[in-house]
Amino acid sequence: PKELESLSSLKFSTGDKTTALGNTKEIESLFPLTYGQPIVDMSHNASSEEKESSVSTVSTSPLRVGVVLSGGQASGGHNVITGLFDA
């Protein structure tokens, strides 16, 4: 995606907290460190003026990323994990 072409121009914004549609207590107990965390959106700053005014910084150190698979087959799911590994 375009957002990953230039990491120095990424802008992050946080949204609503994550929730579950069912079995809320069980899911919260299984994922205590991530349940209820805000959803993070990233966008690409298009102009140099936006880059200068942005206060967001991007760390280029390795990140620990978790992926939860639903258990069902999904076309291209392995591509997502490969892409995260290669990034």
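Not measured: the values here are computed from a predicted model.

Procedures and definitions
- Residues numbered from 1 in each chain as written.
- Predicted model: local features only at pLDDT ≥ 70, side-chain atom pairs only at ≥ 80, totals over all residues.
- Heavy atoms only, no water.
- Helix = DSSP H or I, 4+ residues; strand = E, 2+ residues; numbered from the N terminus.
- Buried < 20%, exposed > 50% of the residue type's maximum accessible area, 1.4 Å probe, protein only.
- Contact = heavy atoms within 4.5 Å.
- Areas by Shrake-Rupley, 256 points an atom, 1.4 Å probe, with all protein chains shown as cover.
- Patch = residues over 30% accessible without salt bridge, like charges linked within 9 Å, V, L, I, M, F, W, Y side chains within 5 Å.
- Salt bridge = Lys/Arg side-chain N within 4 Å of Asp/Glu carboxyl O.
- pLDDT = per-residue confidence, 0-100.

Draft legend 1. Structural view of the overall build of the protein. Of regular secondary structure, the protein possesses three helices and two strands. Of the regular secondary structure in the protein, the N- to C-terminal order runs β-α-β-α-α. In the protein, buried positions account for 7% of the 87 residues. Taking the intrachain contacts of the protein between residues at least 6 apart in sequence as the baseline, contacts between residues at least 24 apart amount to 58%. As displayed, the protein offers around 7700 Å² of accessible surface, 55% of which is attributable to carbon and sulfur atoms.

Draft legend 2. Highlighting a nonpolar patch on the surface. The grouping of V65, V67, L69, V80, I81 and L84 at the surface amounts to a nonpolar patch, some 520 Å² of accessible area in total. Tracing the backbone through its elements, the reader meets V67 in the loop between helix 2 (48-53) and helix 3 (77-86).

Draft legend 3. Up close: the confidence of the model for the protein. With 67% of its residues at a pLDDT of 70 or more, the protein has an overall mean of 75. Ranking the helices and strands of the protein by mean pLDDT puts helix 1 (residues 24-30) first, with 93, and helix 2 last, with 44. Every residue in residues 48-55 scores below 50 in pLDDT, and together they form four contacts with partners more than four places removed in sequence or on other chains.

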